[in-house]
Amino acid sequence: MTMKMERKLIQGDFIPRADDELIVCRCEEITQGEIRKAVYDGMFTMNEVKRYLRAGMGLCQGQTCSGLVQKIIARELGLAPGEVEISTSRSPARPIQMKQMARDGVKK
Amino acid sequence: MQKKEVIIVGGGVIGCAIAYYLARLNVKALVIESEEIGHGGSSRNGGGVRQSARDPRELPLAMHAIRYIWPNLSDELGVDVEYCQEGNLRLAKTEEHIKILERVIAQGISLGLDLRLIDQKEVREICPYVSDEVIAASYCPTDGHGNPMVTTLAYYKRAREMGAEFITGEMVQSILIRKGKVGGIKTNLGTYESDQVILAAGYESRAIANTVGIDIPMQRTLVEALVTDQQPYMFPQMIGTAASDFYGHQTKHGSFVFGGMTGLEPYGSEVDNPITRSITAPSICRAILGYFPAIGQSNIVRTWSGWLDVCADHVPILSKVDELPGLTLACAFSGHGYGIAPAVGQSMAELVVNGSPSLSLDAFRYDRFQPKS
Ligand SMILES: Cc1cc2nc3c(=O)[nH]c(=O)nc-3n(C[C@H](O)[C@H](O)[C@H](O)COP(=O)(O)OP(=O)(O)OC[C@H]3O[C@@H](n4cnc5c(N)ncnc54)[C@H](O)[C@@H]3O)c2cc1C
């Protein structure tokens, strides 16, 4: 089970940072600023940020940006990166063309 | 601890929507979610916002949501929920399929729905990508789809901004009774006091209701879905088939989300985690290729599964419980709770606050189930 979290509003307005334009998720072109704003909006877990913004939802399925997204969420919430659970990985490990997947399990 | 006005168990689209509509009625709910927001079916579904082929009891909820809530929902919540109202095509390949569609169409029309049978030529005009095998379809122009993950989080975000409280990572175990009425809930970490508890925890609502002697005739079924990589824009309709072998749509992002049934779902093993089975995604892919050969070029990037909380009569339970004042049920959505979620959220908030929702919920009572003889 996941760690207990109270989803209290973060006090004050959202404060932009100079490096907010940095692209963190390269597949979906999601910036650090968008991730920081999503946390401000209440997205406190990697799955929530992913579902809200598509960070980690592209072709590489987060293999490139997961650690970075995890660190940004942790920093915004004042947690250690390890306290932010990594989002769920699922099959297939690499994209498979639909035509090819359709052949799986078909008896000759 | 301070007593809560209303406690909602479950932070899916239903729990979050109820919290939002309660906040609009100036009632600040506490939502308790055992995992994270949208962990259940709400982040795993096909995004269909459909009226066609809905049970006559459920259709008024779907029609109300589509007429009055979905079109403005993105503006209202301040987040793009990707609602797209470009119709639903349910495709037929055989005369048998057409018979299935005719039955559904007759029923829809009798209830005032714009739903009709269209021939191969018209199907092609609406969606040029269908294969030669498709000979007809039912067409409901006011159906559509949205992004369920974002919709759930958007309701959560707005409800939170309006004063609803949310706690995740805490599991509700039982309902507390004080002097014959609801007194609160007990979790794995403590207790919370409230006179009003709404169970919106999907299938798990049953075990929680059982702690006060109330049962809900529902079963859990594991169903699966998949998503492709980003594709050039092809078509905006929600797609289903008379054979019920697959359904899906192209998302705003460009990827296609498809779900489907192998027919073996009810006999899946009794696992606790929603796992995917190796037979399912290939089966969904084969079904899709029979209707949309052009999509065969796309790549599957992810597969997943989720539970359906299937009710004995396939419509939800949206009801107060007479035996225990303060207890309200919002579960057993039977695989179609996303499209109606805005109407459910609104009506349930009204039911709890003033006892008389603007849409009748009488058909969804918890005590409607009767033995055969
Ligand atoms: C593959 C798939 C495709 C679907 N396609 C469609 C579609 O196209 N259109 C449509 O309208 N519907 C569809 N559905 C159905 C739809 O997803 C559900 O009806 C809807 O999401 C129900 O929302 P909910 O909030 O009731 O349930 P859920 O989203 O399951 O939320 C219940 C929440 O309660 C939490 N919970 C459970 N136990 C406890 C506890 N003890 N304490 C605290 N919290 C708890 C869970 O973690 C979960 O987050 C589909 C479902 C699936 C699985």
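See the structure printed just above.
Worth saying up front: this structure is predicted, and the values here are computed from it rather than measured. Position labels on residues start from 1 in each chain and follow its written sequence. A letter from A marks each chain and a number from 1 marks each ligand, given out in the order of writing. In keeping with the model being predicted, local features are shown solely for residues with a pLDDT of at least 70 and side-chain atom pairs are shown and tallied solely at 80 or more, while totals for entire chains, interfaces and linings include all residues. Side-chain measures were taken over the full set of non-hydrogen atoms in the model, leaving aside hydrogen atoms and water.

Trainee: How would you sum up the overall build of chain A? Please name residues and give values.
Mentor: Under the DSSP-based scheme used, a helix requires at least four consecutive residues in state H or I and a strand at least two consecutive residues in state E, with every element numbered from the N terminus. Check the secondary structure of chain A and you find four helices and four strands. Reading the secondary structure of chain A in the N-to-C direction produces β-β-β-α-α-α-β-α. The globule rule used here is 2.2 Å times the number of residues to the 0.38 power, and the radius of gyration it is set against is calculated over C-alpha atoms. Scaling as 2.2 N^0.38, a compact globule of 108 residues should have a C-alpha radius of gyration of about 13 Å, whereas chain A reaches 17 Å, well beyond that. Overall, chain A is about 65 × 35 × 20 Å in size when its C-alpha atoms are taken along their principal axes. Note on exposure labels: buried denotes an accessible area under 20% of the residue type's maximum, exposed denotes more than 50%, and partly exposed covers the range between, all computed with a 1.4 Å probe on protein chains only. Per-residue burial over chain A gives 44% buried out of 108 residues. The long-range fraction of contacts in chain A, counting pairs at least 24 apart against all pairs at least 6 apart in sequence, stands at 55%. As presented, chain A carries roughly 6200 Å² of accessible surface, and 53% of it is formed by carbon and sulfur atoms. Residues are treated as being in contact if the distance between any of their heavy atoms lies within 4.5 Å. Per-residue and other accessible areas follow the Shrake-Rupley method at a 1.4 Å probe size, with only the shown protein chains counted as cover for residues.

Trainee: Lay out the packing of aromatic side chains in plain terms, naming residues and giving numbers.
Mentor: Residues and elements named next belong to chain A. Stacked, tilted and edge-to-face pairs are distinguished by plane angle, under 30 degrees for stacked and over 60 for edge-to-face with tilted covering the rest, among Phe, Tyr and Trp rings (Trp via its six-membered ring) whose centres lie within 6.5 Å. Evaluated as defined, the whole model comprises 14 aromatic pairs over all chains. Aromatic pair F14 and Y40: ring centres 5.6 Å apart, planes at 65°, arrangement edge-to-face. One end of the pair, F14, is in the loop between strand 1 (5–6) and strand 2 (23–25); the other, Y40, is in helix 1 (residues 32–40), and 26 residues separate them in sequence. Taking relative accessible area as the criterion, F14 reaches 22% and is therefore assigned partly exposed.

Trainee: Please provide a residue-by-residue account of the pattern of salt bridges, values included.
Mentor: For salt bridges, the criterion is a side-chain nitrogen of Lys or Arg within 4 Å of an Asp or Glu carboxyl oxygen. One pass over the full model with this rule turns up 30 salt bridges over all chains. The shortest N-O distance in the salt bridge between D55(B) and R57(B) comes to 2.9 Å. Residue classification places D55(B) among the partly exposed residues on the basis of a relative accessible area of 23%. Here the salt bridges share partners, and the residues they tie into one network are D20(A), R36(A), R75(A) and E76(A).

Trainee: How would you sum up empty space enclosed by the protein? Please name residues and give values.
Mentor: Residues and elements named next belong to chain B. Within this scheme a cavity is a closed region of a 1 Å grid, computed over the protein atoms alone, that accommodates a 1.4 Å probe without allowing it to escape, whereas a pocket is open but has protein on both sides within 12 Å along at least five of seven lines; lining residues each have an atom within 4 Å of a point. Grid points are joined across faces, edges and corners, and a volume is the space filled by probe spheres set on the points. Evaluation of the coordinates by the stated rule reveals one cavity of 30 Å³ or more. By volume, the largest cavity amounts to about 50 Å³. Looking at the largest cavity, the residues that line it are Q51, S52, A53, R54, L59, V104, Q107, G108, L111, L113 and L115. With three residues, helix 4 (residues 95–110) is the single largest residue contributor to the lining of the largest cavity.

Trainee: Lay out helix 2 (residues 46–53) of chain A with the relevant residues and their values.
Mentor: A large share of helix 2 of chain A lies buried, amounting to eight of its eight residues. When we look at burial in helix 2 of chain A, the residues that qualify are M46(A), N47(A), E48(A), V49(A), K50(A), R51(A), Y52(A) and L53(A). The secondary structure elements touched by the buried residues of helix 2 of chain A are strand 3 (30–31), helix 1 and helix 3 (66–77) of chain A together with helix 6 (148–161) and strand 17 (299–311) of chain B. The positive-phi residue at the C-terminal boundary of helix 2 of chain A is R54(A), with phi of around 80°.

Trainee: So what's going on with the site of the ligand? Residues and values would help.
Mentor: All names here are of chain B. Neighbouring the ligand are 38 residues, the closest being E33, S42, V172, G337 and G339. A distance of 3.3 Å separates an oxygen atom of the ligand from a polar atom in the backbone of V13. Residue E33 places a side-chain N or O atom 2.6 Å away from an oxygen atom belonging to the ligand. Starting from 1000 Å² of accessible surface for the ligand in isolation, the protein chains cover 93%. Residue proximity to a molecule or strand is established when one non-hydrogen atom of the residue lies within 4 Å of it. N or O atoms closer than or at 3.5 Å make up a polar contact, with two conditions inside protein: a donor-capable atom paired with an acceptor-capable one, and, for residues adjacent in sequence, both atoms drawn from side chains.

Trainee: I'd like to hear about the sheet that holds strand 2 (residues 29–33) of chain B, residue by residue, with values.
Mentor: Pairs of strands are assigned from DSSP output, requiring at least two bridges between the strands. The sheet built from seven strands is open, its strands ordered 1(A)-8(B)-2(B)-1(B)-12(B)-19(B)-18(B) with mixed pairing. Each end of this open sheet is capped by a strand with a single partner; those strands are strand 1 of chain A together with strand 18 (317–320) of chain B. Here strand 12 (residues 197–199) of chain B pairs with strand 19 (residues 327–331) of chain B via three bridges, running parallel. Bridge pairing in strand 19 of chain B places I198(B) opposite T328(B).

Trainee: Let's hear about the interface of chain A and chain B: which residues, and what values?
Mentor: Facing 41 residues of chain A, the contacting portion of chain B comprises 48 residues. The junction of chain A with chain B conceals about 3800 Å² of combined surface from both sides, 54% of it contributed by carbon and sulfur atoms. With its nearest N and O atoms 3.0 Å apart, the salt bridge here joins E170(B) to K4(A). The dominant element in the side of chain A that touches chain B, judged by the number of residues it contributes, is helix 2 of chain A, at five residues. For the side of chain A that touches chain B, the class distribution of residues is 18 nonpolar, nine polar and 14 charged. The pairing of strand 1 of chain A with strand 8 (residues 165–168) of chain B spans two bridges and is classified as antiparallel. Each bridged residue has a counterpart across the sheet, and for E6(A) the counterpart in strand 8 of chain B is I167(B). Buried area is understood as the total, over both parts, of accessible area removed when two parts are fitted together, assessed with a 1.4 Å probe. For this classification, Asp, Glu, Lys and Arg are treated as charged, while Ala, Val, Leu, Ile, Met, Phe, Trp, Tyr, Cys and Pro are nonpolar and the rest, including Gly, are polar.

Trainee: Describe the layout of surface pockets, with residues and values.
Mentor: If you add up the space inside the second largest pocket, you get close to 930 Å³. Together, 45 residues line the second largest pocket, and R54(A), M57(A), N147(B), M149(B) and T251(B) are the ones closest to its centre. At the level of secondary structure, the elements contributing two or more residues to the lining of the second largest pocket comprise helix 2 of chain A together with helix 6, strand 13 (218–228), strand 15 (246–250) and strand 17 of chain B. Per-element tally for the lining of the second largest pocket: the top contributor is helix 2 of chain A, with five residues. For the lining of the second largest pocket, the class distribution of residues is 17 nonpolar, 17 polar and 11 charged. Per-domain counts for the lining of the second largest pocket show at least three residues from each of domain 1 (6–47 + 149–217 + 313–367) and domain 2 (88–141 + 219–311) of chain B. Residue ranges for the domains originate in an automatic or database domain assignment.

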